[in-house]
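Listed below, chain by chain, are the residues.
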Amino acid sequence: MDWGTLHTFIGGVNKHSTSIGKVWITVIFIFRVMILVVAAQEVWGDEQEDFVCNTLQPGCKNVCYDHFFPVSHIRLWALQLIFVSTPALLVAMHVAYYRRETARKFRRGEKRNEFKDLEDIKKQKVRIEGSLWWTYTSSIFFRIIFEAAFMYVFYFLYNGYHLPWVLKCGIDPCPNLVDCFISRPTEKTVFTVFMISASVICMLLNVAELCYLLLKVCFRRSKRGQTQRNHPNHALKESKQNEMNELISDSGQNATTGFPS
Amino acid sequence: MSWMFLRDLLSGVNKYSTGIGRIWLAVVFIFRLLVYMVAAEHVWKDEQKEFECNIRQPGCENVCFDYYFPVSQVRLWALQLIMVSTPSLLVVLHVAYCEGREKRHRKKLYISPGTMDGGLWYTYLISLIVKTGFEIGFLVLFYKLYDGFSVPYLVKCDLKPCPNTVDCFISKPTEKTIFILFLVSTSCLCVILNFIELSFLVLKCLIKCCLQKYPKSLKSSVCECHHLRYIECGETGVPPLLQNHHSDSAISTPQRGETKLLCDTHKS
């Protein structure tokens, strides 16, 4: 089980996403997951080994490392990516449920005019309307919440997004205030800023997608309202025309039979 | 052989699961297996190398580490994942057995080997109970082995060959505690899902049984109704009971002779 499997799960949702949703999936997997796996994990690979404190007191290094890094950056990013990707599974489950119900109705003989066979149902792209619209919108909403929450946790845990090259630590069993040195602080800062920027871009994409979906619904409703308003006038015109036609045909018949009008 | 093997095995279970079963599978794959592989495994990577005791006596660190961590938490987590996933394979085995039987006898023995009724229902129920048992068992084991779900930063150790009570420091205790709490919460979520699925299956079966009994009692009451109609038709015109009973055989007002015939056919 690895990131490839998550990619397979989320990739299946891609077909039913909007264009902005497709861009979001691409950004997640290329600029975040790939960077995490091929680069960031190497940078943080020896983080505890190369964390050095200016003391020979056993245990001081462990305690200071634990105090300044309660959760490693890498693990927090991995958790963030997992939590941010999973709301998309709600959409996948909804689509799977919809397809199962359609297949059941097809087997009962109800939707034979809409689909040729069961394969046709599987290939059909499901439109984002009705209950699926609500599921999709909720998934985007949760994504935004998770992104914001993790960014805040990062800021809160590490006092910002910058890693210093030295930390002062005086926790027991350290005998006094000792200097502790982090390995590769500049490289770690660069990657932290990169991941945070990618996170911000993903959040903006999610907000844009949410606005797009809301506008689409409002536009569709106003269009439906307009056609309903036009339709009664059109029906009235048609019925008047029918009456006129009947009168004309009646008078025509009377003229041929010689019956006085 | 790796976790991919387990993933491929479990993917086959998806077809024969209920909706809640599929949610359970998604939770296990994403929040337990994936988190274990991409994050948790690395946290416990250097656990013995970074376990440090405040003593230079050779062997003291080894003995203390072995005493406080008889089985590493991460290995226990892996064992739990394997044990909890395997009862689902009973269902796959059952379906494969049914399909094998049909092939051997070269005729259709079952309506569909994958439908959830009869023997497969019992197999699914047993697999659910065993899964829940394993989950709760491992949680209790975790709690008893490590005295709770938190990892302390310091442990006191005075086992031989340590000359006195020494301080031993565990590496990354906060991160380990966070991941253990994550494991416990996902485990509890899976237990809750199993209980819901169990109740759903049992309720569905009870409702089906009640519905099967109810038409039988309806048939016998229709028969009695026709018998009553026969008697009433003999006395007056249209019997009042006809208006209340929903019978698909008796819609119109029958004559005396017809009523008797209907009753006889129902009885037979």
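Residues numbered from 1 in each chain as written. Chains lettered and ligands numbered in written order. Predicted model: local features only at pLDDT ≥ 70, side-chain atom pairs only at ≥ 80, totals over all residues. Heavy atoms only, no water.

1. Examining the overall build of chain A
The test is simple: Helix and strand definitions follow DSSP, with helices as H or I runs of at least four residues and strands as E runs of at least two, each counted in order from the N terminus. The contact definition used throughout considers only heavy atoms, calling two residues in contact when any of these lie within 4.5 Å. For accessible areas, the Shrake-Rupley method is used with a probe of radius 1.4 Å. Any residue's cover is judged against the shown protein chains and nothing else.
Tallying secondary structure elements over chain A gives eight helices and three strands in all. Helices (α) and strands (β) of chain A occur, in sequence order from the N terminus, as α-α-β-α-α-α-α-α-β-β-α. Long-range contacts, defined as pairs at least 24 residues apart, comprise 76% of the intrachain contacts of chain A with a sequence gap of at least 6. When the accessible surface of chain A is split by element, carbon and sulfur atoms take 62% of a total near 15100 Å².

2. Concerning helix α1 (residues 3-11) of chain B
Applicable threshold: Three labels apply to residues, based on accessible area from a 1.4 Å probe with only protein chains included: buried if under 20% of the type maximum, exposed if over 50%, partly exposed otherwise in between. To obtain the arc, one takes the directions from the helix axis to the C-beta atoms.
Of the positions making up α1 of chain B, those classed as buried are W3, L6 and L10 of chain B. All buried residues of α1 of chain B fall inside an arc of 60 degrees around its axis, so they share one side.

3. What to know about the confidence of the model for chain B
Heads up, the condition is: Confidence scores per residue from the predictor, reported as pLDDT, run from 0 to 100.
Taken over all residues, the pLDDT of chain B has a mean of 77, while the share at 70 or more is 75%. With pTM at 0.73, the complex prediction returns an ipTM value of 0.71.

4. Comments concerning the side chain of R32 of chain B
Residue and element names in this part refer to chain B. In plain terms, the rule: Contacts described as polar in this section are N or O atom pairs within 3.5 Å, which, within protein, must combine one atom able to donate a hydrogen with one able to accept it, while residues neighboring in sequence count only if both atoms come from side chains.
Here R32 lies in helix α2 (residues 19-43). At 2.7 Å, the side chain of R32 forms a polar contact with the side chain of E135. Ignoring sequence-local partners within four residues, the contact set of R32 consists of V27, W77, Q80, L81, V84, E135, T186, S187 and C190.

5. Some words on the sheet that holds strand β1 (residues 52-53) of chain A
Residue and element names in this part refer to chain A. Quick note on the threshold: Strands are treated as partners if at least two bridges between them are detected by DSSP. Only the stretch in contact is used when a helix axis is fitted, and all axes are lines through C-alpha atoms; the angle between N-to-C directions ranges over 0 to 180 degrees.
In space, the three strands of this open sheet follow the order β1-β3-β2, with antiparallel pairing throughout. The open sheet has two edge strands, β1 and β2 (166-169), and neither has a second partner. Looking at chain direction, β2 and strand β3 (residues 178-181) are connected through four bridges and run antiparallel. Along β3, the bridge assignment pairs C169 with V178. Relative to β2, helix α3 (residues 60-68) is tilted by about 110 degrees, and along the sheet it contacts β1, β2 and β3.

6. Some remarks on the packing of aromatic side chains
Each aromatic ring pair is described using two quantities: the centre-to-centre distance and the angle formed by the ring planes. Selection rule: In summary, the pairing rule links any two rings of Phe, Tyr or Trp, Trp by its six-membered ring, whose centres are within 6.5 Å, and it sorts them by plane angle into stacked for under 30 degrees, edge-to-face for over 60 and tilted for everything else. To sit over a ring, a charge needs its Lys NZ or Arg CZ within 6 Å of the ring centre and within 35 degrees of the ring normal.
Scanning all chains against the criterion turns up 26 aromatic pairs over all chains. Centroid distance F51 of chain A to Y65 of chain A: 5.3 Å. Interplanar angle 75 degrees. Geometry classified as edge-to-face. One end of the pair, F51 of chain A, is in the loop between α2 (19-43) and β1; the other, Y65 of chain A, is in helix α3, with 14 residues separating them in the sequence. Y65 of chain A carries the same exposure label as F51 of chain A, and that label is buried. A ring pair is formed by F69 of chain B and Y146 of chain B, whose centres lie 6.3 Å apart and whose planes are at 40 degrees; its orientation type is tilted. One end of the pair, F69 of chain B, is in the loop between α3 (60-68) and α4 (73-85); the other, Y146 of chain B, is in helix α6 (residues 119-146), and 77 residues separate them in sequence. Each member of the pair F69 of chain B and Y146 of chain B is classed as buried. Joined through ring pairs, the aromatic side chains of W44, F51, Y65, F69, W77, F154 and Y158 of chain A make up one cluster. In this arrangement the basic side chain of K131 of chain B is found over the ring face of W24 of chain B, its NZ or CZ atom lying 3.7 Å from the centre.

7. Overview of the UniProt feature "domain: Connexin cysteine-rich" (unreviewed entry) in chain B
Formally: UniProt positions are given in the numbering used here, feature names are shortened, and annotations may be inferred rather than shown by experiment.
With numbering aligned to this structure, UniProt lists the feature "domain: Connexin cysteine-rich" (unreviewed entry) at residues 134-201 of chain B. With 62% helix and 12% strand, the stretch residues 134-201 of chain B has end C-alpha atoms that lie 20 Å from each other.

8. A short note on the UniProt feature "transmembrane region" (unreviewed entry) in chain B
All names here are of chain B. Per the UniProt entry, the sites bearing "transmembrane region" (unreviewed entry) are residues 21-39, 77-98, 119-143 and 178-203 in this numbering. Between the C-alpha atoms that bound residues 21-39 the distance is 25 Å, and the span itself is 100% helix and 0% strand. The span residues 178-203 is 100% helical and 0% strand by assignment, and the distance between its end C-alpha atoms comes to 38 Å.

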